[in-house]
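In case you want the letters, here they are:
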Amino acid sequence: MGVEVKNSGLVISEDLLRLFEGIGEGVIVTNRFGEIVGMNRAAEKTFGVNREFNLRKSSSALLSGMCDPTTRRPVTPQNLPFNQTISTERPVDSKEFLLKRSDGKEFYVQISTSPFFGDDNTLAGTLGILIDVTNRRRLEDTLTQRNLQLSAINRIA
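My aim in this report is to walk through the structure given alongside it, one point at a time.

### A few points about the overall build of the chain
Here's step 1: A count of helices and strands for the chain gives six helices and eight strands.
Here's step 2: Taken from N to C terminus, the helices and strands of the chain fall in the order β-β-α-β-β-α-α-α-β-α-β-β-β-α.
Here's step 3: Counting only residues that meet the buried cut, the chain has 40% of its 157 residues in that class.
Here's step 4: Taken as a whole, the chain presents about 9,500 Å² of accessible surface, with 51% of it coming from carbon and sulfur.

### Quick word on the nonpolar core
Here's step 1: Of all hydrophobic cores here, the largest spans 17 residues; its most connected members are Ile28, Phe47, Leu62, Leu63, Met66, Val109 and Ile111.
Here's step 2: Put simply, the parts of the chain that give this core at least two residues each are strand 4 (36-39), helix 2 (41-47), strand 6 (92-100) and strand 7 (106-117).
Here's step 3: By residue number, the principal contributor to this core is strand 7, which donates three residues.
Here's step 4: Setting aside its immediate chain neighbours within four residues, valine 109 contacts Met66, Lys95, Glu96, Phe97, Leu130, Ile131, Asp132 and Val133.
Here's step 5: The next biggest cluster of nonpolar side chains, apart from the first, holds nine residues, and it includes Leu16, Val27, Val29 and Phe116.

### Some thoughts on the pairing of strand 4
Here's step 1: Pairing between strand 3 (residues 26-31) and strand 4: three bridges, direction antiparallel. From the neighbouring strand, isoleucine 28 faces strand 4, where its bridge partner is methionine 39.
Here's step 2: Two successive antiparallel strands, strand 3 and strand 4, enclose a turn made up of four residues, where glycine 34 displays a positive phi of approximately 85 degrees.

### Considerations on helix 5 (residues 81-88)
Here's step 1: Along helix 5, six of the eight residues are buried, which leaves the element largely enclosed by surrounding structure.
Here's step 2: Those residues of helix 5 that fall on the buried side of the exposure criterion are Pro81, Phe82, Asn83, Gln84, Thr85 and Ile86.
Here's step 3: Buried positions along helix 5 lie against strand 3, helix 4 (59-62), strand 6, strand 7 and strand 8 (123-132).
Here's step 4: Phi for glutamate 89, located one or two positions after helix 5, is positive at around 60 degrees.

### Concerning the sheet that holds strand 4
Here's step 1: Taken in spatial order, the six strands of this open sheet run 4-3-8-7-6-5, and their pairing is antiparallel. Two strands lie at the open edges of the sheet, namely strand 4 and strand 5 (66-67), each paired on one side alone.
Here's step 2: Packing against the sheet, helix 5 makes contact with strand 3, strand 6, strand 7 and strand 8, and its axis sits at approximately 20 degrees to strand 7.

Conventions used here
Residues numbered from 1 in each chain as written. Predicted model: local features only at pLDDT ≥ 70, side-chain atom pairs only at ≥ 80, totals over all residues. Heavy atoms only, no water. Helix = DSSP H or I, 4+ residues; strand = E, 2+ residues; numbered from the N terminus. Buried < 20%, exposed > 50% of the residue type's maximum accessible area, 1.4 Å probe, protein only. Areas by Shrake-Rupley, 256 points an atom, 1.4 Å probe, with all protein chains shown as cover. Core = buried A, V, L, I, M, F, W, Y, C linked by side-chain atoms within 4.5 Å. Contact = heavy atoms within 4.5 Å. Pairing = 2+ DSSP bridges. Axes fitted to C-alpha atoms, helices over the stretch in contact; angles between N-to-C directions.

Right, here's the structure in full:
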């Protein structure tokens, strides 16, 4: 598979990293402690970060700008998908978040995470897929605004 657990650390093969590069969506791999051990270019672009800078940083640090898309309140670390997968050892289905990057740019991202296990059936880490859904959200917001405008016009008429 291209993933090994050595001395309680997770090692990702170069072949697997090259495979991740061919995926158009963001891919982040963490170890069982939530430290990022692999990231593809799409994830770098999504977060506006450098892969080497973020390796071995926690997923919580990378995702610290995550907010609930409705309330715009910050998401607590225990409610981040990577941490939920680590604590439950179960996948987290697609959840949508508003992300505020350090450059001030906001965008919407859907994140799904899955656990993977070592040869001894203990949690080795997580795999996360990130999809930028900003354009879809903007279209939905525009449609909502137009519907409100049409409703107001109908009330006036």
